[in-house]
Amino acid sequence: MQEADLKTELPPAPTATGKIYAALCKAQAAFTTIKKSGSMSYQGKLFHYATLDDILAGVKPALNSNGLFLSQDVRCIRTSAETSVGVKTIVVHESGERLESAEIYMPVEQGRGNRAQAFGSARTYACRYSLASFLGISAEDDTDGNVPGMPPEPPAPRTPARGAVKSQSFEPEDIPY
C-alpha cells in the first residue's frame, strides 16, 4: 500500500469568522488539569508526562461541549534514509470552520521490537506532542532547562545575610536604561 492510498484530503475550510476561536477560548477555559500518569527514568531521574489518553481525557469533553471536533491526520513517510510518522492536529467547529496544526514528524526507530510496534510508538509520541502543542498544554515535567545529557544550570546566587548589604540610593540619571 502506498502513501497515496492511505491519505485522505479534507475539503477546504471556510474562512474563519471567529466562531472557532470563541469556542476554543471557552473550551480551553474548561480543560481539566491534565494528569501526568506516565513516567520514565533516565540517568537516575524520574520524569512524569501526560499520556495521550491523559490529554484526551482532559480536553475532549470541553472541546465537544463547545461544538468542537478533534481529529489527527496520521501518515507514514518513507525516504531512502528513514521512515517517520507525520501528524497534524485538526479542530473543526460545528460551523465548518477548521484549524490545523503544522505537521510534526517523529522518526520510526528500527531495531527495537517489531516494525508495527515501532510505528505505533512513533505515532503515539507524535500525536501526543502535536495535540499538547496545538492546544497549549504542558504535558511533561518542567525540567527547568535541565535537559538529560546537558550540564545543569549553575546554582542561583545566594541571598546575603541580613545586614551584609549596604543600602544605596540612586538618582534617575544614574540608572542606565
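Everything quoted here is computed from the prediction, not taken from an experiment. Once a new chain begins, its residue numbering starts again from 1 and follows that chain's sequence as written. Thresholds applied to this predicted model are a pLDDT of at least 70 for local features of residues and 80 or more for the giving and counting of side-chain atom pairs; totals over whole chains, interfaces and linings are not thresholded and use all residues. Only hydrogens and water are set aside; all other atoms, that is, all heavy atoms of the structure, feed into the side-chain values.

Asks: I would appreciate a short explanation of the overall build of the chain in the present structure.
Replies: Helix and strand counts for the chain stand at four helices and six strands. Helix and strand definitions here come from DSSP, where helices need a minimum of 4 consecutive H or I residues and strands a minimum of 2 consecutive E residues; each element is numbered from the N-terminal end. Overall, the chain shows an N-to-C arrangement of helices and strands of α-α-β-β-α-β-β-β-β-α. Residue contacts are counted whenever heavy atoms from the two residues lie within 4.5 Å of one another. Taking the intrachain contacts of the chain between residues at least 6 apart in sequence as the baseline, contacts between residues at least 24 apart amount to 56%. Carbon and sulfur atoms provide 54% of the accessible area of the chain, an area that totals close to 12,600 Å². Surface accessibility in these figures is a Shrake-Rupley result with a 1.4 Å probe; residues are shielded only by whichever protein chains are displayed.

Asks: Which parts of the structure should I look at to understand unusual backbone geometry?
Replies: Outside of glycine, negative phi angles account for most residues, and trans bonds account for most peptide bonds. A positive phi angle, near 50°, is found at Gln43, a position not held by glycine. Tracing the chain through its elements places Gln43 in the loop between strand S1 (38-42) and strand S2 (45-49). Exposure categories follow from relative accessible area, calculated using a 1.4 Å probe and restricted to protein chains: below 20% of the type maximum is buried, above 50% is exposed, and the middle band is partly exposed. Given the relative accessible area of 60%, Gln43 is considered exposed.

Asks: I would appreciate a short explanation of the pattern of salt bridges in the present structure.
Replies: The working definition used for a salt bridge is a side-chain nitrogen of Lys or Arg within 4 Å of a carboxyl oxygen of Asp or Glu. Counted by the stated rule, this structure contains three salt bridges. Notably, a salt bridge pairs Glu103 with Arg75, separated by 2.7 Å at the nearest N-O pair. Of this pair, Glu103 sits in the loop between strand S5 (98-100) and strand S6 (104-107) while Arg75 sits in strand S3 (residues 68-78), and the two are 28 residues apart along the sequence. For Lys88, the salt bridge is made with Glu100, and the minimal N-O distance between the two is 3.4 Å. Remark: Glu100 occurs in strand S5 and Lys88 occurs in strand S4 (residues 83-93); sequence separation between them is twelve residues. Overall, Glu100 belongs to the partly exposed group, its relative accessible area being 35%. In this structure, a network of salt bridges that share partners links the residues Lys88, Arg98 and Glu100.

Asks: What's the story with the packing of helix H3 (residues 52-65) against helix H4 (residues 115-135) in this structure? I'm lost.
Replies: Working note: a packed helix pair is described by the angle between its axes plus the distance between those axes. To get an axis, a line is fitted to the C-alpha atoms, and for a helix only the part in contact is used. The angle between two axes follows their N-to-C directions and goes from 0 to 180 degrees. Relative orientation of the contacting elements H3 and H4 amounts to 40°, with a least axis distance of 10 Å. Here H3 lies oblique to H4, going by the angle between them. The interaxial crossing formed by H3 with H4 has left-handed handedness. Contacts between H3 and H4 pair Leu52, Ile55, Leu56, Val59 and Leu63 from the former with Arg123, Thr124, Cys127, Arg128, Leu131, Ala132 and Leu135 from the latter. The scheme is simple: roughly parallel for angles under 35 degrees, roughly antiparallel for over 145, roughly perpendicular for 65 to 115, oblique for anything else. Should the near helix be turned anticlockwise from the far one by less than a right angle, the crossing is termed left-handed; should it be turned clockwise, right-handed.

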